[in-house]
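# Observations on chain architecture
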Amino acid sequence: MLRETFPREKRVATVPDVVEKLRQLGFAVAIETGAGDAANFSDDAYRAVGAEVLPSAAAVWQAADIVFKVRPPTADEVALMHPGQILIDFIWPAQNPELMQQLAARQVTVLAIDALPRTLSRAQKMDALTSMAGVSGYRAVIEAANAFGRFFNGQITAAGKVPPAKVFIAGAGVAGLSAIGTAANMGAIVRANDTRAEVADQVTSLGGEFVKVDYEEDGAGGGGYAKVMSEGFQAAQRQMYAQQAQDADIIITTALIPGKPAPKLITAEMVRSMKPGSVIVDMAAEQGGNCELTVADEALVRYGVTIIGYTDLASRLAKQSSTLYATNLLRLTEELCKAKNGVAVVNMEDDAIRGLTVIKDGAITWPAPPLAVAPKPAPTATAATPAAETKKKGGHGHGSSGPLPAKTLALLFAVVALAFWGIGAYAPAAFLGHFTVFVLACFIGYMVVWNVTPALHTPLMSVTNAISSIIALGALVQIAPPGTAGTGRPDELIRWLALAALVLTAINMFGGFAVTRRMLAMFRK
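Below is a summary of the structure that appears in this document. Remember, predicted model here, so these are calculated numbers, not experimental data. Residue numbers here run from 1 along each chain, matching the order of that chain's written sequence. pLDDT decides what is reported in this predicted model: residues at 70 or higher carry local features, side-chain atom pairs at 80 or more are listed and counted, and totals for whole chains, interfaces and linings draw on all residues regardless. Side-chain descriptors were evaluated using all non-hydrogen atoms of the structure, hydrogens and water having been removed beforehand.

The next subject is a nonpolar patch on the surface. Note on patches: the residues involved have over 30% relative accessible area and no salt bridge, like charges join within 9 Å, and the nonpolar side chains Val, Leu, Ile, Met, Phe, Trp and Tyr join within 5 Å. Using a 1.4 Å probe, accessible areas were evaluated by the Shrake-Rupley method; residue-level cover was limited to the displayed protein chains. One side-chain nitrogen of Lys or Arg within 4 Å of one carboxyl oxygen of Asp or Glu is enough to make a salt bridge. On the surface, L409, L412, F413, V416, F420, F438 and V439 cluster together to form a nonpolar patch covering roughly 630 Å² of accessible area. We count a stretch as a helix when DSSP gives it H or I for four or more residues in a row; a strand needs E for two or more, and each element gets its number in order from the N terminus. When contributions to the nonpolar patch are tallied by element, the ones reaching two or more residues are α14 (406-426) and α15 (429-450). The greatest single-element share of the nonpolar patch, amounting to five residues, is contributed by α14. Relative to the helices and strands, L409 resides in helix α14. Think of it in three bands: residues with accessible area under 20% of the maximum for their type are buried, residues over 50% are exposed, and the middle band is partly exposed, with areas taken using a 1.4 Å probe on protein chains only. The class of L409 is partly exposed, set by a relative accessible area of 34%.

Below is the structure:
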């Protein structure tokens, strides 16, 4: 592990807690002195867990078989590499073709952590891009709050009412979602937009409002990224952004397209239309910025609006970022060293490792071939049977909604008719009135409650259970029936049964409304 030389970079590629786990895999760990100082990890902390602290970067490059880094190596660092060495790092091969040629000339193997196939579910534990994006999104909101002149949350004080800040997030990827959650938790009114319609539910679940562009086009691209949109969509999007710029106090932009300059979303005219004191945080500043007025690594004021173009947002939370990044590299190392013998094996048959490997023993292997998509299994006769049964089940879902066979229906009616005839012929007259009410109650209860789609039971049953108030009325009548000629008071057994029914029904009624109130509170800020 080396001390990063890139300007303003404070992260380190591994942390003491991870060093212990690397040693358990059979590796000896060496680190350059002072590598973790900027992230608050001292040399003594590394020594305490068994790492060797070397005096210079040259000593680390010479001794190491595997090198962990955060930023791409410089030309001077590449010159220190030796054949057979493995470098695990952010490389960005599409943006750094010259670096790729320099590394290939050194006959090394390079695993670019940014080239991980993110669509593989088992690769998520190695996804450093997601880890860093989450940290950056959080930090972007902190930087915006620092530059903004008011509270994020609304407050009512003795000095008057303070309205909540209005935050607009352009792009709802990992960084955007992190920013949405952070701003919403701080009490701001959060709106967000993304070209991918499927993220609307994610925005809402984090407490934001999804703002849709008035143009039908899906922006989902490969690997979970967005694609370049049509001119018609971009025109409609600019119109929507212009409206949001006039209303928002803070705008955070996160839009990036792999291998291309960042799209320009916020024009100078939009900045001019914003309220004085507003803030723009451009998270795409390193790739040119989403705002026309952004200057990388600077915070400047234009037309009374503070425009923040910091490219080291993740590094501004160096300890947290280093811990997450080190864990991602540990999971990758576990895949490289499954035997736990201290020997890394770059298995090009493994889809995740193949995607990461951009150079293998001096040969450039980037880009990796597309992942093979497993063919859908052909439908079989056995598989068709449950599907047919599922189709028969209608939306009112506890039984088949299709008609019964004629013979079964006739037999059922005959049995029910015979039962009713027996009850009518031999039951007391007073019982018939109660029995009629009971039958009608069963029918209504089935139609109103039991015949509801099961998916709706959680939100709906808490209210429909209040229908049991009918039982409460019946119990009250049994406890104290209206006096009529020739009618006596009920005996003690009926009275106590009615009292028990009244108690249970009251619990059901008030409990149902209590559950409904708690469920509705989940959707309130």
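Picking up where we left off.
Now for the packing of aromatic side chains. Aromatic pairing here means that ring centres of Phe, Tyr or Trp (its six-membered ring) are within 6.5 Å. Orientation follows from the plane angle: under 30 degrees is stacked, over 60 is edge-to-face, and everything else is tilted. With the rule as written, the count across this model stands at five aromatic pairs. Centre to centre, the rings of F90 and W92 are 5.9 Å apart; their planes meet at 10°, and the pair counts as stacked. With 5.5 Å between their ring centres and 70° between their planes, F168 and Y241 make a pair best called edge-to-face. Here F168, found in strand β8 (residues 166-170), pairs with Y241, found in helix α9 (residues 231-247); they are 73 residues apart in sequence, far enough to count as distant. Connected via pairs of aromatic rings, a cluster forms that spans F90, W92 and Y325. Note on criteria: charge over ring means Lys NZ or Arg CZ within 6 Å of the ring centre, with the direction from the centre no more than 35 degrees off the ring normal. Of note, R71 hangs over the ring of F6, and the distance from its end group to the ring centre comes to 4.2 Å. Across from the ring centre of Y310, 3.8 Å away, lies the NZ or CZ of R316, which sits over that ring.

Here the focus is the sheet that holds strand β11 (residues 250-253). Strand order in the open sheet formed by seven strands is β10-β9-β8-β11-β12-β14-β13, and the pairing between neighbours is mixed. Here the strands that pair on one side only, and so sit at the sheet edges, are β10 (209-210) and β13 (299-302). Pairing between strand β9 (residues 189-193) and β10: two bridges, direction parallel. In the sheet register, A192 faces β10, and the bridge partner there is F210. Note on contacts: a residue pair qualifies if any of its non-hydrogen atoms lie within 4.5 Å across the two residues. Lines fitted to the C-alpha atoms define the axes, with helices restricted to the stretch that makes contact. Angles between their N-to-C directions range from 0 to 180 degrees. Along the sheet face, helix α6 (residues 128-147) touches β11, β12 (279-282) and β14 (305-308) and points at about 155° away from the line of β12. Pairs of strands are assigned from DSSP output, requiring at least two bridges between the strands.

This next bit is on helix α1 (residues 16-24). P16, V18, V19 and L22 are the residues of α1 that are buried. End-on view of α1: buried residues confined to an arc of 150°, all on one side of the axis. Facing away from the buried surface of α1 by more than 90 degrees, the exposed residues are D17 and Q24. Contacts made by the buried residues of α1 are with α2 (43-48), β3 (66-68) and α11 (318-336). Taken from the helix axis, the directions to the C-beta atoms give the arc we talk about.

Turning our eyes to something else, we now look at the pattern of salt bridges. Going through the model one piece at a time under the given rule, you end up with 26 salt bridges. Where E32 meets R3, a salt bridge forms, and the shortest distance between an N and an O atom there is 3.5 Å. Placement of E32 in strand β1 (residues 30-32) and of R3 in the segment before α1 is noted, with a sequence separation of 29 residues between them. Judged by relative accessible area, which is 41%, R3 ranks as partly exposed.

Remember, this is a structural readout, not a statement about activity or role.
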